[in-house]
Amino acid sequence: MLGLINYFKGKKYFVIIGCLILSFVMGSIHAFSVLLEPIETEFNASRTLSSLTYSISLLSITLAVYFGKNIYYSFSPSRIIFLITILSTLGTFLSAHAHSIFLVWIGFGCLFGFANGIGYGYSLQYAAMAQPGSKALMMGLVTASYGLGSTIAPIFFREFIKFGGFANSMISLTMVLFISNLVVLFLFKLTNLKFNPEIEEENKSKRNAKNKYLLWIMYGCSVSSGLMCFGHALGMSKIFFISSEDIYVVPITMGFLNMTGGILFSSITKKFSYFKIINFLTFSNVGSLLIFFMIPSKSSLLICLFLVSISYGGTIAIFPPMINKIYGRNFGIEIYGFVFTAWGLFGFFIPLLGGWIFDIFASYSLIILFLAILGTIPLLMIKLKNRIFFRS
């Protein structure tokens, strides 16, 4: 038995498998649109207050990624998984037994959200460390696995909500988190790969540090529509009378396309520049939003949701390796933590704004138009500043 364990040590592909499992389970947080109405029913809450749960979770994810560098280098992989397990299971367990939406904000929003951010951010960097020659692909696979989790989770949530409402879905999620994290812990123990800084990259790391503000604006504007659509997919679908039998196919398909976008666009970074990929994703995103705004219908809604999902998946997959390539892995983790705060800030306000607009006008048209305008900003910035970093 000891010989078998020694054989597995250093087998870095077990690290990758563990990272994929971890990101897959954490991706369940983005199936929130399935939980939106059950929360409203359970706590007699408005769409705005229910949406705030998701907004808080996105903010918590952001804080975890922002402080990620300090966390990743301070603890061993095993202790990281232990921390994630404690926070995530405590959060979902608290949500399952909540008697007010305030406790759901704390449990699902703060605790599970923060654990989610640690798990996702750590998986990105740890998988890239395991295969340094294929960083973009490894990060793309982790992002895709995160998207796959959001694909499967609606099926999972739907079935458990049927037999016990929101509380039952949270109890079940607690069990899944605990078991899956034990598996990840075992895989990380087998390989014993340490999360160490790369000294040789330090000379190039400080280059163009001021450009992180441009990346911040581009990233926030690029992901806003995806965050809004993932948070309100079911609510948007019900406006166009998509049947209750078919409606759950929408977030499932969105999650699958999010995953597909992550794999596809991270795999072509060696053939196409980041500049060209971001241009294409932005055109796809803005175009789909404008089609839905100008021709509102069931068909244009589905086209919009599905294209936004692909664009979102591609965007979140290519930004981490792009930043790592520009700044090096050590400083890149810090820069990515800063840029990722845009994801949290926009993720906090955009779904909340969408819920508030819906409460007032019973329509999502205004938020869709706002997102289309917001989505053009990366195009303008690329035109003005493409010489800075997209040739990297």
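Residues numbered from 1 in each chain as written. Predicted model: local features only at pLDDT ≥ 70, side-chain atom pairs only at ≥ 80, totals over all residues. Heavy atoms only, no water.

Looking at the packing of helix 12 (residues 249-267) against helix 14 (residues 298-327)
Relative to each other, helix 12 and helix 14 sit at 40°, their axes nearing to 7 Å. In terms of orientation, helix 12 lies oblique with respect to helix 14. As for the relative orientation of helix 12 and helix 14, their crossing is right-handed in sense. On helix 14, the residues that touch Val-250, Thr-253, Met-254, Leu-257, Asn-258, Gly-261, Gly-262, Phe-265 and Ser-266 of helix 12 are Leu-302, Leu-305, Phe-306, Ser-309, Ile-310, Tyr-312, Gly-313, Gly-314, Ile-316, Ala-317 and Ile-318. A breakdown of the residues in the contact of helix 12 with helix 14 according to their chemical character gives twelve nonpolar, eight polar and no charged. (Axes fitted to C-alpha atoms, helices over the stretch in contact; angles between N-to-C directions. Helix = DSSP H or I, 4+ residues; strand = E, 2+ residues; numbered from the N terminus. Parallel < 35°, antiparallel > 145°, perpendicular 65-115°, else oblique. Left-handed = near helix turned anticlockwise from the far one by under 90°. Contact = heavy atoms within 4.5 Å. Nonpolar A, V, L, I, M, F, W, Y, C, P; charged D, E, K, R; others polar.)

A closer look at the state of the cysteines
The tally for this structure, following the rule as stated, stands at zero disulfides. Counting only cysteine sulfurs, Cys-229 is the nearest neighbor of Cys-304, a cysteine outside any disulfide, at a range of 5.0 Å. A residue is classified by how much of its surface remains accessible, and Cys-304, at 0% relative accessible area, is buried. (Disulfide = S-S within 2.5 Å. Buried < 20%, exposed > 50% of the residue type's maximum accessible area, 1.4 Å probe, protein only.)

Describing a nonpolar patch on the surface
Taken together, the side chains of Leu-290, Ile-291, Phe-293, Met-294 and Ile-295 define a hydrophobic patch exposed on the protein surface, amounting to about 460 Å² of accessible area. In this structure, Met-294 sits in helix 13 (residues 274-294). For Met-294, a relative accessible area of 61% puts it in the exposed group. (Patch = residues over 30% accessible without salt bridge, like charges linked within 9 Å, V, L, I, M, F, W, Y side chains within 5 Å. Areas by Shrake-Rupley, 256 points an atom, 1.4 Å probe, with all protein chains shown as cover. Salt bridge = Lys/Arg side-chain N within 4 Å of Asp/Glu carboxyl O.)

Comments concerning the pattern of salt bridges
Counted by the stated rule, this structure contains one salt bridge. Among the salt bridges present, the one from Lys-162 reaches Glu-159, with a minimum N-O distance of 3.7 Å. You can see Lys-162 and its partner Glu-159 sitting in helix 8 (residues 135-162), three residues apart, about one turn around the helix. The exposure class assigned to Lys-162 is exposed, which follows from its relative accessible area of 51%.

Quick word on the packing of aromatic side chains
Applying the stated criterion across every chain yields a total of 23 aromatic pairs. On the basis of an interplanar angle of 90° and a centroid distance of 5.0 Å, the ring pair of Tyr-126 and Phe-188 is categorised as edge-to-face. Taken as a pair, Tyr-126 in helix 7 (residues 101-130) and Phe-188 in helix 9 (residues 165-191) lie far apart in primary sequence, 62 residues in all. By the burial criterion, Tyr-126 is buried, and Phe-188 matches it. Ring geometry for Phe-348 against Phe-349: centres 5.0 Å apart, planes inclined by 85°, an arrangement best described as edge-to-face. One aromatic cluster is present, built from ring pairs that chain together Tyr-120, Tyr-146, Tyr-219, Phe-319, Tyr-336, Phe-340 and Trp-343. Above the face of the Phe-338 ring, Lys-212 is positioned so that its terminal group lies 4.7 Å from the ring centre. (Phe/Tyr/Trp six-rings, centres within 6.5 Å; stacked < 30°, edge-to-face > 60°. Lys NZ or Arg CZ within 6 Å of the ring centre and 35° of its normal.)

Topic: unusual backbone geometry
One non-glycine residue, Asn-44, lies in positive phi territory at about 50°. Among the secondary structure elements, Asn-44 is positioned in the loop between helix 3 (32-43) and helix 4 (47-66). The phi angle at Ala-362 is positive, at roughly 55°, despite the residue not being glycine. Checked against the element boundaries, Ala-362 lands in the loop between helix 15 (329-361) and helix 16 (365-375).

Here's the deal with the packing of helix 4 against helix 7
It is the contact of helix 4 with helix 7, at a shortest axis distance of 7 Å, that shows an interaxial angle of 30°. Judged on the interaxial angle alone, helix 7 and helix 4 are roughly parallel. Crossing handedness for the pair helix 4 and helix 7: right-handed. When helix 4 is examined against helix 7, the residues Leu-49, Ser-50, Leu-52, Thr-53, Ile-56, Ser-57, Ser-60, Ile-61, Leu-63, Ala-64 and Val-65 are found in contact with a partner set consisting of Ile-101, Val-104, Trp-105, Phe-108, Gly-109, Cys-110, Gly-113, Phe-114, Asn-116, Gly-117 and Ile-118. Split by residue class, the contact of helix 4 with helix 7 holds 14 nonpolar, eight polar and no charged.

Concerning helix 11 (residues 212-239)
For helix 11, spanning 28 residues, the distance from its first C-alpha to its last is 39 Å, which sits close to the expected 40 Å at 1.5 Å a residue. In terms of residue burial, helix 11 counts as a mostly covered element, since 23 of its 28 residues are buried. (Expected span 1.5 Å × (residues − 1).)

Quick word on the environment of Asn-258
Locating Asn-258 in the fold gives a position in helix 12. Along the primary structure Asn-258 and Tyr-312 are separated by 54 residues, whereas in three dimensions their C-alpha atoms are 6.5 Å apart. There is a polar contact of 3.3 Å between the side chain of Asn-258 and the backbone nitrogen of Gly-313. (Polar contact = N/O pair within 3.5 Å; in protein donor to acceptor, adjacent residues only side chain to side chain.)

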